[in-house]
2 protein chains.
Amino acid sequence: MKYSQATDYALHAMLYLVASAPDKPVGVQQLAEKLGVSPTYLSKLMTKLVKAGLIVSTPGANGGYRLRKAQDEISFLHVIQAIEGTASLLECSLDHGDECLIQQVVLDAERQMEQLLASKKLVDVARRLPATD
Amino acid sequence: MKYSQATDYALHAMLYLVASAPDKPVGVQQLAEKLGVSPTYLSKLMTKLVKAGLIVSTPGANGGYRLRKAQDEISFLHVIQAIEGTASLLECSLDHGDECLIQQVVLDAERQMEQLLASKKLVDVARRLPATD
DNA sequence: GCTATTATAGATACATAAAGTCCTTAATGG
DNA sequence: CCATTAAGGACTTTATGTATCTATAATAGC
Ligand code: SF4
Ligand code: SF4
């Protein structure tokens, strides 16, 4: 089990936005070049981030993406869930009700992880980032 | 992102073994019937659990699987990692070294989750399990 | 209004992994 | 020796992720 590569792209794209000037939108063209991924594909991921409310997009000349919230309000969890969704790791087809302890255990564990991911903000790592080539 | 269904099968199979008499091996035929999955497929999963050291198998007449350790030593994490492996959720192809804070954050989060999964033993939920039909 | 620019969205193709089956081999108990 | 049961390889099918192409819509600047 692994995060999709899309999550990796999204994280790097967001970190790039965090490191950029907050007023100037960054185009998908420019982002894709930095990340080494196709612009059309990255575009779809960016749209997910838009719908998740993390960034805003402006079409047209000099358009692109910019952060919606303040840097220090955006956590790893926000980005990851925007791409991966919020479904539980363990979802069984049979539904034995809320009493199912198996799902409860996994859910508790997920909460633990999410708690840490929510506490880590993008800006925390943006400064000391290795060269993003 | 989700655990594979194989993990679900493995958890239920292990819980069944925990609930069974510890001296009598349980055959894959019987297990598969309980879980509603094909015996040959389940067999492959059980083999993974064997290789992970969670259970032992005895071929031949009256053979099958039985727990290797004591009930209360087997955690959710053991079973999950036996199936899903131990790779990190975020593995990027580029390797910017140990200093990569992105991977570090995700790794920390995983550790949090694993810590809880390791503390939860199968026997904790085996007793109060809904009917496994 | 016209044009260049840029995001959005649908359809489609491709690659990879998961899920499941079939058949053969090996080991054990009686 | 024989019935039984796990292990393993090869294979098919299905699902998901990855990626591309094309068309559409919205915006800025002239
Ligand atoms: S016990 Fe829980 S995990 Fe297992 S089949 Fe029932 S609802 Fe699903
Ligand atoms: S910064 Fe970390 S996650 Fe990003 S490409 Fe480098 S090693 Fe990978």
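It should be noted that the structure appears before, not after, this text.
These numbers were taken from a predicted model, which means no experiment stands behind them.

**Observations concerning the interface of chain A and chain B**
Counting from both sides, the interface comprises 35 residues of chain A and, opposite them, 35 residues of chain B. With both sides pooled, the region where chain A packs onto chain B buries about 3,600 Å², and carbon together with sulfur makes up 74% of that total. Three residues, A:M1, A:L89 and A:I102, lead the burial of chain A against chain B; their summed loss comes to 19% of the area buried on that side. Where chain A meets chain B, there are 0 salt bridges. Across the contact surface, chain A and chain B share 4 residue pairs in polar contact (both at pLDDT 80 or more). With 11 residues, helix α5 (residues 101-119) of chain A is the largest single contributor of residues to the side of chain A that touches chain B. Tallied by class, the residues present in the side of chain A that touches chain B amount to 22 nonpolar, 4 polar and 9 charged.

**Some thoughts on the protein's contact with DNA strand C**
Around DNA strand C, a shell composed of 27 residues is seen, among which A:S43, A:S57, A:Y65, B:Q5 and B:S38 lie nearest. Within 4 Å of the protein, atoms of DNA strand C come from sugar and phosphate in 67% of cases. Take A:K44: an N or O atom from its side chain is 2.8 Å from a base oxygen of DNA strand C. A:G60 is positioned with one of its backbone polar atoms (N or O) 3.0 Å from a sugar or linking oxygen of DNA strand C. Those elements that provide at least two residues to the surface near DNA strand C are α3 (39-51), β1 (55-58) and β2 (64-67) of chain A together with α1 (5-19) and α3 (39-51) of chain B. When residues of the surface near DNA strand C are assigned to their parent elements, the largest contribution, 5 residues, is made by α3(A). Of the residues assigned to the surface near DNA strand C, the class counts are 10 nonpolar, 14 polar and 3 charged.

**Here's the deal with the packing of aromatic side chains**
All names here are of chain A. On inspection of all chains with the given rule, the structure shows 2 aromatic pairs over all chains. When the centroid spacing of 6.3 Å and the interplanar angle of 85° are considered together, the rings of Y9 and Y41 count as edge-to-face. One end of the pair, Y9, is in helix α1 (residues 5-19); the other, Y41, is in helix α3, with 32 residues separating them in the sequence. With a relative accessible area of 14%, Y9 lands in the buried category. Since its relative accessible area comes to 40%, Y41 is described here as partly exposed.

Calculation criteria
- Residues numbered from 1 in each chain as written.
- Chains lettered and ligands numbered in written order.
- Predicted model: local features only at pLDDT ≥ 70, side-chain atom pairs only at ≥ 80, totals over all residues.
- Heavy atoms only, no water.
- Contact = heavy atoms within 4.5 Å.
- Buried area = accessible area lost by both parts, 1.4 Å probe.
- Salt bridge = Lys/Arg side-chain N within 4 Å of Asp/Glu carboxyl O.
- Polar contact = N/O pair within 3.5 Å; in protein donor to acceptor, adjacent residues only side chain to side chain.
- Helix = DSSP H or I, 4+ residues; strand = E, 2+ residues; numbered from the N terminus.
- Nonpolar A, V, L, I, M, F, W, Y, C, P; charged D, E, K, R; others polar.
- Near = heavy atom within 4 Å.
- Phe/Tyr/Trp six-rings, centres within 6.5 Å; stacked < 30°, edge-to-face > 60°.
- Buried < 20%, exposed > 50% of the residue type's maximum accessible area, 1.4 Å probe, protein only.

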